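Topology and contacts: notes
Spelled out, the chains give:
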Amino acid sequence: MLRKDFLWGGATAANQFEGGFDEGGRGLATSDTKTNGSKDRPRKHSFLTPEGNIVYLRGSEPIPADYRCVLDPERYYPSHRAVDFYHRWREDVDLLAEMGVNAFRMSVSWTRIFPNGDDEVPNEEGLAFYDAVFDALLARGIQPVVTINHFDMPVALSEKYDGWLSRHTVDAYVRLCDVLFRRYCGRVRHWMTFNEINLLRGWDTLGVHELDDARYQQALYHIFVASAKAVALGHQIDPENHVGMMLAAILTYAETCNPADVALELAVGRRLKWLFADVQCRGYYPSYALRELAAKGIELVREPGDDEVLRAGCVDYIGFSYYNSGVVTTRPDAPRALGNGVALAENPYLESSAWGWPIDPVGLRTTLNVLWDRYQKPLFVVENGLGAEDVVEEDGSIHDEARIDYLRRHVAEMKKAVDEDGVDLMGYTPWGVIDLVSAGTGEMKKRYGMVYVDMDDEGAGTLERRRKDSFYWYQRCIATSGEVA
Ligand code: BG6
């Protein structure tokens, strides 16, 4: 049986959902310079070169240190209005309440609270916005579940300090946490320090110029320290706080029982996800990671006391996203399949979404078991869902059967993990419960929601909200504690 206090909800992120990018005193974030794209046309950031030209680069490319952020008036940047939660939050909260959820996962926009990331005083207008949203949610019996940092950072911290490469950013982040924990004390009880910490790999999420492996490892170290400090601070300010991590739990299978495939799967798994969960759940770097750093000649710059900080800042729970699994093989010519954050080899036993992500509900049960066995920490599925195009019928209805089928099968496996395997599961918040902009492609047509938002890939549309068939399915699912699955 699911816990009595099981959290049934939906998940969003500020840069994909909130909008109001230049309102209420908000400062510029890295996500604001990211264009839309498609499956075949990657999203890029606009930069101004020292010669005064605007160039477009992917976040994963090494960004030259003398490039500055710039907005191109000719381009559409999806984060600027996103789906306008900033102005439509009352209606959205009503829809969530009608759906029957008791939790809503959202992130705060760092630059709405500290426009430059490290200002002397926080921006009262930004804090008041989240006051209003949290109060409205709570008034409807919906607990806010807050991701403190989801895939963006203040441009000012990137330009002045090289983002997470600098210890200064650790202090700025901890100050943000301090303000959040105090201001929303007693109202927000569930926090996550960094979204998909194992997928923070480019300029947009790290703010680091000229990124290479050594600079990446240093930035990551700072993020681990920042997260650990946040956990300890969260507990100190309110012992009722639950402060968790958030992992992209990419389940990997070895393609064959060839020991070389199995050994490679182990190595890939460590690099892809275990390092991140090991540090955040156990409070120290695992030996395999220390050996790898030494082998590469990378020496992390640490401060005295850091080891204690990491140890004292172990997370309370593991929030994770689960969309797909992937296959690891030593065969160099194996066909690739896309997926959340990483492309692995194809799995002939699975079907894929229209965006090429393998669909593997049983893999969710496996993931829950593997995480539970390894860490014995409460688990929270904070993202799951099917990115698919929707058709609005003439009468305005939306029959999203494929999405219902995906969710139903995943909920069924999740319940088995609890009922038959004894996993401790806190909740389920499927992704993009109200349609939002895709993080990977910047498209609007890759929809996850149970509420349709009238907007296209170029930002045109009325932004009107419409209930899909999945809205009513999820309502029944929650009302029956997942039995309809
Ligand atoms: C996760 C992110 O990677 O997957 C979300 O936390 C993202 O921000 C989600 O939107 C789905 O990915 P995409 O690329 O389909 O939006």
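Rules and cut-offs
Residues numbered from 1 in each chain as written. Predicted model: local features only at pLDDT ≥ 70, side-chain atom pairs only at ≥ 80, totals over all residues. Heavy atoms only, no water. Pairing = 2+ DSSP bridges. Helix = DSSP H or I, 4+ residues; strand = E, 2+ residues; numbered from the N terminus. Axes fitted to C-alpha atoms, helices over the stretch in contact; angles between N-to-C directions. 1 Å grid on protein atoms, 1.4 Å probe; cavity = no way out; pocket = protein on both sides within 12 Å on 5 of 7 lines; lining within 4 Å. Points joined across faces, edges and corners; volume = space filled by probe spheres on them. Nonpolar A, V, L, I, M, F, W, Y, C, P; charged D, E, K, R; others polar. Phe/Tyr/Trp six-rings, centres within 6.5 Å; stacked < 30°, edge-to-face > 60°. Buried < 20%, exposed > 50% of the residue type's maximum accessible area, 1.4 Å probe, protein only. Lys NZ or Arg CZ within 6 Å of the ring centre and 35° of its normal.

1. Quick notes on the sheet that holds strand β10 (residues 317-321)
The sheet built from eight strands closes into a barrel, its strands ordered β1-β5-β6-β7-β8-β10-β14-β15 with parallel pairing. If you compare each strand with its neighbour and ignore which way they point, the axes differ by 30° on average. For strand β7 (residues 190-192) and strand β8 (residues 242-248), the ladder comprises three bridges, and the chain directions are parallel. Following the sheet pairing, Met192 is matched in β8 by Gly244.

2. As for the layout of surface pockets
Quantified by volume, the largest pocket comes out at close to 1300 Å³. Looking at the largest pocket, it is lined by 44 residues, and the ones nearest its centre are Lys34, Gly341, Ala439, Gly440 and Thr441. Those elements that provide at least two residues to the lining of the largest pocket are α1 (14-17) and α7 (203-206). Tallied by class, the residues present in the lining of the largest pocket amount to 15 nonpolar, 18 polar and eleven charged. In this model, the second largest pocket occupies a volume close to 260 Å³. Gln217, Arg271, Leu275, Glu292 and Lys296 are, among the 16 residues lining the second largest pocket, the residues nearest its centre.

3. Brief notes about the packing of aromatic side chains
Per the counting criterion, the structure on display carries 28 aromatic pairs. Centre to centre, the rings of Trp8 and Tyr428 are 6.1 Å apart; their planes meet at 85°, and the pair counts as edge-to-face. You can see Trp8 sitting in strand β1 (residues 7-11) and its partner Tyr428 sitting in strand β15 (residues 425-428), a full 420 residues away along the chain. On the basis of relative accessible area, Trp8 is assigned to the buried category, the value being 5%. Residues Tyr323 and Trp357 carry aromatic rings whose centres are separated by 5.5 Å and whose planes lie at 85° to one another, so their mutual orientation is edge-to-face. On the criterion of sequence distance, the pair formed by Tyr323 in the loop between β10 and β11 (325-328) and Trp357 in the loop between β13 (344-345) and α12 (361-375) is long-range, its members being 34 residues apart. Taken individually, Tyr323 and Trp357 each receive the classification buried, so the pair is uniform in this respect. An aromatic cluster is defined as three or more aromatic residues linked by ring pairs; in this entry it consists of Phe17, Phe85, Tyr86, Phe104, Phe129, Tyr130, Phe134 and Tyr184. Across the ring face of Trp274, the terminal group of Arg374 is positioned such that the distance to the ring centre comes to 4.2 Å. When the ring centre of Phe471 is taken as reference, the NZ or CZ atom of Arg467 above it lies at 5.6 Å.

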